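# A closer look at the structure
Each chain, written out:
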Amino acid sequence: MGRFARGIIITLLGAALWGFSGTCSQYLFQHYAIAPLLVTVIRMLGAAVAFLVTILVTEREKVTAILHDAPTRRSLVVFGCLGLFLVQVTYVVTVSLTNAGTATVLQALNIVFCMLAAFIAERRGPRVAELLAFAAAFTATILVATGGNLSSISISTEGLAWGLATAAAAAVYITYPKRMFARWGSFPITGLGMLIGGLTALVAWLVSPALPPSLAVVLGAGEAFPAMGIDGWLALAAFTFVGTFLAFGLYLHGISIVGGMRGSMLGTIEPVSAMVISSAWLETSFVPADWLALVLMVATVFLVSVPASKPAEKPVS
């Protein structure tokens, strides 16, 4: 199997695990009403610990070199705060202002930002396959989010603003670390970025009671950690280590191979993955629009999996 094909598979697997993480979070919210910001702190710091243990064992010297490089440290702060952390917080706020379906559709607009970034960087226009893949991926996302009923999408100006912020933050963590990945590799950069994002989430949690009341309520400011049974702890562990550590590690390594624009399109398999897993685990039923979304995602994967005719990029370690 060629490197590009492996990148496609790794990216799809990472995005699919996001769908699994979404199902875990739904389970926790339904059964234990854990505060969104608190669970964000736990998942990010827990995943950061897993990343750090792994990279300190396998790439200790590289981590030391990264921490001694001032430009990389500054870039890591941007990646961790404005990418990894911000995308999760803005998504939660968008859901509170609109609904989960609308928030998912708006988040999918990161494809637009990623495409524009790629076109500007490469000084070219879109290819036919890219336009078709974008149309298929975005339509699939809308179908999964709305069940084919577009009237279920309603949005205020404030909700639209937060939703666009979610899409922009997603585009940041997909496209911004490209140069860092090329120099240092995806795994140590993702791990250190997750640590910075997790610490940012912790600070946000500590100061959240001082936030405006409407936002504090949405984030669950000041709420204590709920008493949970073994099922809750297992869901939280899976959410942290499978749906965050493995998901982000695989997805960001995958896009270091296939590129941010293709990665953003492949990432739209997340709602499809969530649909399948939630159906099997939480007994969520399928509707015809979901099956159409699956067909469109297969088309997206096919279109994105065809490399451009230009020479292949230099491999990234």
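The structure we're discussing is the one just above.
### With respect to the pattern of salt bridges
- Taken as a whole and judged by the stated rule, the model has five salt bridges.
- For Glu-122, the salt bridge identified is with Arg-124, shortest N-O distance 2.5 Å.
- Note on Glu-122: relative accessible area 33%, which makes it partly exposed.
- Through salt bridges with shared partners, one network takes in Glu-122, Arg-124, Arg-127 and Glu-130.

### A look at a nonpolar patch on the surface
- On the surface, a nonpolar cluster with roughly 440 Å² of combined accessible area is contributed by Phe-225, Ile-230, Trp-233 and Leu-234.
- Along the chain, Trp-233 falls in helix 12 (residues 230-258).
- Accessibility expressed as a relative area gives 45% for Trp-233, which makes it partly exposed.

### Comments concerning the packing of aromatic side chains
- Applying the stated criterion to the full structure yields six aromatic pairs.
- Look at Phe-79 and Phe-181: their rings are 6.5 Å apart centre to centre, the planes differ by 90°, and that puts the pair in the edge-to-face class. Of this pair, Phe-79 sits in helix 4 (residues 70-97) while Phe-181 sits in helix 9 (residues 178-184), and the two are 102 residues apart along the sequence.
- Residue classification places Phe-79 among the buried positions, given a relative accessible area of 0%.
- Classification of Phe-181 as buried rests on a relative accessible area of 2%.

Rules used in this analysis
Residues numbered from 1 in each chain as written. Predicted model: local features only at pLDDT ≥ 70, side-chain atom pairs only at ≥ 80, totals over all residues. Heavy atoms only, no water. Salt bridge = Lys/Arg side-chain N within 4 Å of Asp/Glu carboxyl O. Buried < 20%, exposed > 50% of the residue type's maximum accessible area, 1.4 Å probe, protein only. Patch = residues over 30% accessible without salt bridge, like charges linked within 9 Å, V, L, I, M, F, W, Y side chains within 5 Å. Areas by Shrake-Rupley, 256 points an atom, 1.4 Å probe, with all protein chains shown as cover. Helix = DSSP H or I, 4+ residues; strand = E, 2+ residues; numbered from the N terminus. Phe/Tyr/Trp six-rings, centres within 6.5 Å; stacked < 30°, edge-to-face > 60°.

Remember, this is a structural readout, not a statement about activity or role.
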